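# Examining the three-dimensional arrangement
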Amino acid sequence: MGENPTPADQSTVGSEPAADASPPRPRWLPRRRGEILQWLIEYRAFVLLGIALTYAVLFVPFFATERNITQMTTQFSIDGIISIGLTILMIAWGIDLGVGATLALGGVVYALAQDLGVPLAALLGILAGAGVGIVNGFVVTKMRVNFFIATLSTMVAVKGLTFIITDETTIYGHAEGFGWMGSAKLWIFEFPALAFFGIGIIAHLIMTQTSLGTYWYAIGGNSDASHRAGLNVKLLFALAFVVAGLCSGIAGVLLASRAVSANPGVGRDTALFAISATVIGGTSLFGGVGNVLGAVAGVLLLGVVRNSLNLLGVSAYWQWVIQGAILVSVVVSDVYMNRKRRSA
Amino acid sequence: MESNYIVEMKGISKRFGSVQALNQVDLELRAGEILGLVGDNAAGKSTLMKILSGAHVADSGQIIINGEEVSIRDPRDARACGIEMIYQDLALCNNLDVARNIFLGREYTRGLPFLSILDKKKMYAESAALLERLNINISSPRLKVERMSGGQRQMVAAAKAIAFDAGILLMDEPTAALGVREANTLLRLIKDLRDEGHSIVLITQRVPDILAIGDRVMVLKGGRRQGILNVSEVGLDDVVELIVRGRAGAESEEDAMEYLSFG
């Protein structure tokens, strides 16, 4: 007490006494220079995407061709749909390391059920993904298993199951329309890309405009406070796992449809890509912070980088190194931001 | 006289493992008063209030609200009785803005029942009106709580509690982490709330706060009620003596001195 001379009007809580006649500067108004850095970190995905796109268009041969853009958008969209589900889950302060295995299961179920008709088979594939999410949600909230361990365990189990039900072989699509979802095209975008953007918009609206979205932010920000406010924290948390599983199932069906076959071994790099894109997009590993549009930008960014490296003939192993380096730098900046937030 | 009490707790006991946190405690809160609840650490103050707010369930005892016995088993039950607790460790989500915090779990919505769309306009308008009514100096309900000072956060927590006209407010050491100026502003807010007709239980370590704005003060020690005093009739020494020595007056003079200098 007593560092500042107390002004006569004591009602100005939280404001600093002004040096001159100008109105006091409220404390919530950030200092300018720090704010720019924070802004850059918060919207890093959009900034980096702009840089990467400019570079790719100008310097990467064949990047800005219709065929490449069609291929590239389809490619990153399938993993991108998973990123959107993971974004919601991570905002609620969870993570699912097994999204790749769920993706493979979704595709395999779609292929195995194709004789029931493509729409029903697709639905079953998606529900299989949601089912994995339900198991994860149950194990995490009811049996109180840490979500890293829980999703890692279900990943292994799902992988095993996928190989068992396929007899370790690729299942080819023979039903009429099996490959439609992977190849239908509108202008230069194929169906997976359209699905990705559509799901992105829906998820964005859910997270910003509905009470459900607010609840997911709330439980990720402060689950005790959410419980005291009367929210069903466990159910909401479990539901976030179901969303991640559902998105993985959708991605699996799209991937199988595009390949006109379902391979039980796909999805090894999916979690790495999806988590990287989500975190680059501004979603924190520490819950409560993030947004879907940022994740979409993160997916586009990683997609453009991966595609450019391919076009430039960089070897797959160097691409892994680069992707790993990107993830590390992004996680470091997230840890830094989180420390700033907690100390604020 | 009996009907004057808005809350009565009778014979409340609660045990955590081998610790008897509360032992046959009674509490009566009059309508429209500020009742201070004081006592040393581990005296059972917070436990008693958590039972009233549904965070804990008592092992035995009765709770009577407005003359009717009620069963409070979780925060929803308490809320249905018009009871809101403002926690010491601030039950706010720092990543949400002021309006979303105030309305958390009770949003204004329209449209689909399973995916209800937030009526943000109404939430922001009502939050702004509420902040203004309570003279809370926060420029916009769109501000995120993480950018606010400790005092502002306490006031948001208070606004959250009374947003739905909770008649009974339980405050757990609201001024503990605040500087003198912010604490005074908050105490004035608490007094204003009382004058608006809210009934308030104020847990605090700072006995002078209660003497400044409270009507009565109840002292707990070792999970037992030591007494309930009218603020207008007692001084700091009387309260502190009850806190330190209890009814029996068992402990030494030095403890009382220590507590006085602390308070």
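Residues numbered from 1 in each chain as written. Chains lettered and ligands numbered in written order. Predicted model: local features only at pLDDT ≥ 70, side-chain atom pairs only at ≥ 80, totals over all residues.

## Some thoughts on the overall build of chain B
Looking only at helices and strands, one finds nine helices and 12 strands in chain B. Taken over the C-alpha trace, chain B has a radius of gyration of 19 Å; the compact-globule value for 263 residues is 18 Å, and the two agree within 12%. For chain B, buried positions account for 46% of its 263 residues. Restricting the contact set of chain B to residue pairs at least 6 apart, pairs at least 24 apart contribute 63%. (Helix = DSSP H or I, 4+ residues; strand = E, 2+ residues; numbered from the N terminus. Rg over C-alpha atoms; globule rule 2.2 N^0.38 Å. Buried ≥ 20, exposed ≤ 12 C-beta atoms within 10 Å, placed from the backbone. Contact = placed C-beta atoms within 7 Å.)

## Focus on the overall build of chain A
In terms of regular secondary structure, chain A is built from 14 helices and four strands. Every one of the 344 residues in chain A was classed for burial, and the buried ones make up 49%. For chain A, the share of sequence-separated contacts (at least 6 apart) that also reach a separation of at least 24 residues comes to 76%.

## Some points on the pairing of strand β2 (residues 19-30) of chain B
Residues and elements named next belong to chain B. Judged from the eight bridges that link them, strand β1 (residues 5-16) and β2 form a sheet pairing that is antiparallel. Of the residues in β2, the one forming a bridge with Lys14 is Leu22. In textbook terms, the turn of a hairpin is the stretch between consecutive antiparallel strands, and for β1 and β2 this stretch comprises two residues, one of which, Gly17, has a positive phi near 60°. (Pairing = 2+ DSSP bridges.)

## Things to note about the sheet that holds strand β12 (residues 224-230) of chain B
All names here are of chain B. Taken in spatial order, the six strands make up an open sheet running β6-β9-β10-β3-β11-β12, and their pairing is mixed. Strand pairing shows two members of the sheet lacking a second neighbour, β6 (83-86) and β12, which therefore form its edges. Pairwise comparison of adjacent strand axes, ignoring direction, gives a mean angle of 20° for this sheet. Pairing geometry for strand β3 (residues 34-38) and strand β10 (residues 199-203), over four bridges, is parallel. Bridge assignment links Leu35 to a residue of β10, and that residue is Val201. (Axes fitted to C-alpha atoms, helices over the stretch in contact; angles between N-to-C directions.)

## Concerning the interface of chain B and chain A
Residue-level contacts link 34 residues of chain B with 31 residues of chain A. For the side of chain B that touches chain A, the elements supplying multiple residues, two or more each, are α2 (75-80), β8 (117-118), α5 (150-162) and α6 (180-195) of chain B. Among the elements that take part in the side of chain B that touches chain A, α6 of chain B stands out by supplying five residues, more than any other. Of the residues assigned to the side of chain B that touches chain A, the class counts are 12 nonpolar, 14 polar and eight charged. (Nonpolar A, V, L, I, M, F, W, Y, C, P; charged D, E, K, R; others polar.)

## Focus: helix α1 (residues 45-53) of chain B
All names here are of chain B. Counting buried residues in α1 gives nine out of nine residues, a clear majority hidden from the surface. Along α1, the positions that sit buried rather than exposed are Lys45, Ser46, Thr47, Leu48, Met49, Lys50, Ile51, Leu52 and Ser53. Just downstream of α1 lies Gly54, where phi reads positive at about 90°.

## A word on the packing of helix α5 (residues 118-141) of chain A against helix α11 (residues 233-259) of chain A
Residues and elements named next belong to chain A. At a closest axis distance of 7 Å, the pairing of α5 and α11 adopts a crossing angle of 150°. In terms of axis orientation, α5 runs roughly antiparallel to α11. Note on packing geometry: the crossing formed by α5 with α11 is right-handed. Among the residues making up the contact of α5 with α11, the classes are represented as 19 nonpolar, 10 polar and one charged. (Parallel < 35°, antiparallel > 145°, perpendicular 65-115°, else oblique. Left-handed = near helix turned anticlockwise from the far one by under 90°.)

## Considerations on the sheet that holds strand β4 (residues 60-65) of chain B
Residue and element names in this part refer to chain B. In space, the four strands of this open sheet follow the order β2-β1-β4-β5, with antiparallel pairing throughout. On the outer flanks of this sheet lie β2 and β5 (68-70), each paired with one strand and no other. For this sheet, the mean inter-axis angle between neighbouring strands, taken without regard to orientation, is 25°. Bridging between β4 and β5 involves three bridges; their strand directions are antiparallel. Its bridge partner being in β5, Ile65 is matched across the sheet by Glu68.

## Considerations on helix α12 (residues 270-280) of chain A
Counting buried positions along α12 of chain A gives 10 out of 11 residues, so the element sits mostly inside the fold. Along α12 of chain A, the residues that are buried comprise Thr270, Ala271, Phe273, Ala274, Ile275, Ser276, Ala277, Thr278, Val279 and Ile280 of chain A.

## Quick notes on the packing of helix α8 (residues 191-209) of chain A against helix α13 (residues 292-311) of chain A
All names here are of chain A. Close contact between α8 and α13 brings their axes to 8 Å; oriented N to C, the two are set at 150°. In terms of their interaxial angle, α8 and α13 are classed as roughly antiparallel. Together, Gly200, Ala203, His204 and Met207 of α8 and Val292, Leu293 and Val296 of α13 make up the contact between the two elements. When its residues are assigned to classes, the contact of α8 with α13 shows five nonpolar, two polar and no charged.

## Some thoughts on the confidence of the model for chain A
Residue and element names in this part refer to chain A. Predicted confidence across chain A gives a mean pLDDT of 87, with 88% of residues reaching 70 or more. Looking at the elements of chain A, mean pLDDT is at its lowest for helix α1 (residues 32-42), recorded as 67, and at its highest for helix α4 (residues 99-112), recorded as 97. Counting contacts from residues 1-22, a segment whose pLDDT is below 50, to residues more than four positions away or on other chains yields 37 contacts. (pLDDT = per-residue confidence, 0-100.)

## A short note on the environment of Leu120 of chain A
Residues and elements named next belong to chain A. The topology assignment puts Leu120 in helix α5. Leu120 sits in the partly exposed class, given 13 other C-beta atoms within 10 Å. Residues Leu120 and Tyr110, spaced 10 residues apart in sequence, show a C-alpha to C-alpha distance of 8.6 Å.

## Details of the pairing of β10 of chain B
All names here are of chain B. Most of β10 sits out of view: five of its five residues are buried. Side chains of β10 alternate between two faces, with Ser199, Val201 and Ile203 and Ile200 and Leu202 buried alike. Taking the sense of rotation as the criterion, the β-α-β connection linking strand β9 (residues 168-172), α6 and β10 turns out right-handed. (Right-handed = clockwise from strand over helix to strand, strands pointing away.)

## Structural notes on unusual backbone geometry
Backbone geometry follows two general trends: most residues other than glycine have a negative phi, and most peptide bonds adopt the trans configuration. Notably, Trp93 of chain A is not glycine yet its phi reads approximately 70°, a positive angle. On the secondary structure map, Trp93 of chain A appears in the loop between α3 (66-91) and α4. For Asn66 of chain B, which is not a glycine, the phi torsion comes out positive at approximately 50°. Mapped onto the secondary structure, Asn66 of chain B falls in the loop between β4 and β5.

## Quick notes on the confidence of the model for chain B
Summarising the model, chain B shows a mean pLDDT of 85, and 90% of its residues fall at 70 or more. If you check the scores for this complex, the pTM reads 0.82 and the ipTM reads 0.78.

## A word on the environment of Thr270 of chain A
With respect to the helices and strands, Thr270 of chain A occurs in helix α12. Along the sequence, Thr270 of chain A and Ile78 of chain A sit 192 residues apart, while their C-alpha atoms lie 9.4 Å from each other.

## Quick notes on the environment of Ala157 of chain B
Residues and elements named next belong to chain B. As for its position among the elements, Ala157 is in helix α5. Ala157 gets classed as buried once you count the C-beta atoms within 10 Å, which come to 22. In the structure, Ala157 is positioned 98 residues away from Asp59 in sequence and 29 Å away in space, judged by C-alpha atoms.

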